[in-house]
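# Structural characterization, general
Residue strings, one per chain:
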Amino acid sequence: MIPDTIANHPAILASVLARADLPEIATAGSATWHPLLRASLPLMDLTGADYIRVVAGEHTVVVQRELDSLVGVIFRTGDQISKSIHRTIRRVIVPPAKRGARELHERVRAER
């Protein structure tokens, strides 16, 4: 099940969640966007990146890997959610106990 923070966010048009412990990909939001989001998930296998961003006309797809989960969201390009989408996904997927080390690493890396 997709966390309410993502599924009910007014700027996110649709979302998908794929996890090793889920038999199927969970979806939320407008079904019109689900095929595009599902097609974007395999792109993560082609990269070593923690996330990918795909701009499709007036919309942006973000697929992000956190722990054993892949989360995909779509929103209008230029929406303010683009500034915080990675943090939003991380906070709803990664438990607080595991979050601290990664955030500390990111702060140290940013200071360099």
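Going along each chain's sequence as written, the residues are numbered from 1 onward. Local features are withheld for residues below a pLDDT of 70 in this predicted model, meaning they are given only at 70 or higher, and side-chain atom pairs are given and counted only at 80 or more; totals for whole chains, interfaces and linings count all residues. Side-chain numbers here rest on the full set of heavy atoms in the structure, without hydrogens or water.

## With respect to the pattern of salt bridges
When a carboxyl oxygen of Asp or Glu is within 4 Å of a side-chain nitrogen of Lys or Arg, the pair counts as a salt bridge. For the structure on display, the rule yields two salt bridges. Arg-19 is the salt-bridge partner of Asp-21, the closest N and O atoms lying 2.9 Å from each other. With a shortest N-O distance of 3.8 Å, Glu-66 and Arg-90 are connected by a salt bridge. Taken together, the residues span a long stretch of sequence, with Glu-66 in strand β4 (residues 59-66) and Arg-90 in helix α3 (residues 85-93) at a distance of 24 residues. Categorising residues by exposure relies on relative accessible area from a 1.4 Å probe, with only protein chains included: less than 20% of the type maximum marks a residue as buried, more than 50% marks it as exposed, and the intermediate range marks it as partly exposed. Take Glu-66: its relative accessible area is 2%, and that puts it in the buried class. Strands are runs of DSSP state E lasting at least two residues, helices are runs of H or I lasting at least four, and both sets are numbered from the N terminus onward.

## What about the sheet that holds strand β5 (residues 69-76)?
Two strands pair if DSSP finds at least two bridges between them. Taken together, five strands build an open sheet; the order of strands is β2-β1-β5-β4-β3 and the sheet is antiparallel. In this open sheet, the two edge strands, each paired with only one partner strand, are β2 (26-29) and β3 (51-56). Geometrically, the sheet is characterised by an average inter-axis angle of 10° between neighbouring strands, direction not taken into account. Both β3 and β4 contribute to a ladder of six bridges, which runs antiparallel. Opposite Val-55, over in β4, you have Thr-60 as the bridge partner. Contact definition: two residues touch when any of their heavy atoms are within 4.5 Å. Here, axes are lines fitted to C-alpha atoms. For helices the fit covers the stretch in contact, and angles between N-to-C directions go from 0 to 180 degrees. On top of the sheet, α3 reaches β1 (12-19), β3, β4 and β5; it is set at about 40° to β4, its chief contact.

## Details of the confidence of the model for the protein
A residue's pLDDT is simply how confident the predictor is in it, with values from 0 to 100. For the protein, mean pLDDT is 88; residues scoring 70 or higher make up 87% of the total. Across the protein, the element-wise mean pLDDT spans from 63 in helix α4 (residues 96-111) up to 96 in β2.

## Some thoughts on the nonpolar core
Ranked by internal contacts, the top residues of the largest apolar core, which has 15 residues, are Ile-6, Val-71, Val-73 and Ile-85. Of all the elements in the fold, those that place two or more residues in this core are β1, β2, β5 and α3. Once you skip the residues sitting within four places of it in the chain, Ile-85 turns out to touch Ile-12, Arg-53, Val-62, Gln-64, Val-73 and Phe-75. Judged by nonpolar contacts, the second largest core, of eleven residues, contains Val-16, Leu-37, Met-44 and Ile-52. By nonpolar core we mean a set of buried residues, namely Ala, Val, Leu, Ile, Met, Phe, Trp, Tyr and Cys, connected to one another through side-chain atoms within 4.5 Å.

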